[in-house]
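Analysis of the macromolecular model
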Amino acid sequence: MGRTGPQISGRPSRALEGEDLDTQRWEDARHWISIYADLLEFKRGILARVRRDVANLQPPAQKAASIDLRIIETQMQGYQVRLDLWYRRVWELQGLWVDPTGRVVRHHGREVSLTKREFQLLQFLLDHPHRFFTTSQILGQAWADPALFPEEVRNYVRRLRQIFVDLEIPVDLVNKPGRGYSLVFRGN
């Protein structure tokens, strides 16, 4: 089988009650993606509030808050690893197959060959599921070529979107103003 999802790095948090990575139901995997995405968003909010308020605290309280910040960041890293695991599982259950050698994407028996840049963008987004990247981040990280023009990112995004439609892959490449682009699974 080809590579189907993100490279998992970091230590995952412990599984939550009822969580089973061996599930054969993609709906279950999608459910856990939603839970971990919500947990991360909740923790981001707490982190932002603590960081904003820490400067107004007395030194002993600042020290305690810095410990809390590290705890929250560690929890978030674990949640991100679990989220990445569930994304990989959804890709497996959905029948997505990615061949980096031939730059081929296959979904339920249909396949498309990608250009080098299309494949690099897809691979980058697969490696960083449920995260948003600005045009400049994509230029610098997906292609390692910040000299390219932002219009080129939009062009390759448009091309990948068409490939998802052609292969009937239940994912959207969304753009949120101020946050950037991300792959988001569609609910059935």
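Residues numbered from 1 in each chain as written. Predicted model: local features only at pLDDT ≥ 70, side-chain atom pairs only at ≥ 80, totals over all residues. Heavy atoms only, no water.

Some points on unusual backbone geometry
Phi is positive for H108, which is not a glycine, with a value near 50 degrees. By the element assignment, H108 lies in the loop between β2 (104-107) and β3 (110-113). Looking at H108, the relative accessible area reads 57%, which means it is exposed. The phi dihedral of E168 is positive, around 55 degrees, even though this residue is not glycine. Mapped onto the secondary structure, E168 falls in the loop between α5 (150-167) and β4 (171-176). (Helix = DSSP H or I, 4+ residues; strand = E, 2+ residues; numbered from the N terminus. Buried < 20%, exposed > 50% of the residue type's maximum accessible area, 1.4 Å probe, protein only.)

A closer look at α5
Its 18 residues place the ends of α5 26 Å apart at the C-alpha level, agreeing with the 26 Å of an ideal helix rising 1.5 Å per residue. Here α5 has its buried residues at V153, Y156, V157, L160, I163, F164 and L167. Each buried residue of α5 lies within a common arc of 120 degrees when the element is viewed along its axis, so the set occupies one face. When the buried face of α5 is taken as reference, the exposed residues oriented beyond 90 degrees from it are R158 and V165. Against the buried residues of α5 lie β2, β3, α3 (116-127), α4 (135-142), β4 and β5 (180-185). (Expected span 1.5 Å × (residues − 1). Arc of directions from axis to C-beta. Contact = heavy atoms within 4.5 Å.)

As for the confidence of the model for the protein chain
Across the protein chain, the average pLDDT comes to 86, with 92% of residues at 70 or higher. Across the protein chain, the element-wise mean pLDDT spans from 84 in strand β1 (residues 96-99) up to 94 in α5. A low-confidence stretch, residues 1-8 stays under pLDDT 50, and its non-local contacts, those more than four residues away or across chains, total 25 contacts. (pLDDT = per-residue confidence, 0-100.)

Let's talk about the packing of α3 against α4
Between α3 and α4, whose axes approach to 10 Å, the crossing angle comes to 105 degrees. Judged by the angle between their axes, α3 and α4 are roughly perpendicular. Along the contact surface, α3 presents Q120, L121 and F124, while α4 presents I138, Q141 and A142. Here the contact of α3 with α4 is composed, by residue class, of four nonpolar, two polar and no charged. (Axes fitted to C-alpha atoms, helices over the stretch in contact; angles between N-to-C directions. Parallel < 35°, antiparallel > 145°, perpendicular 65-115°, else oblique. Nonpolar A, V, L, I, M, F, W, Y, C, P; charged D, E, K, R; others polar.)

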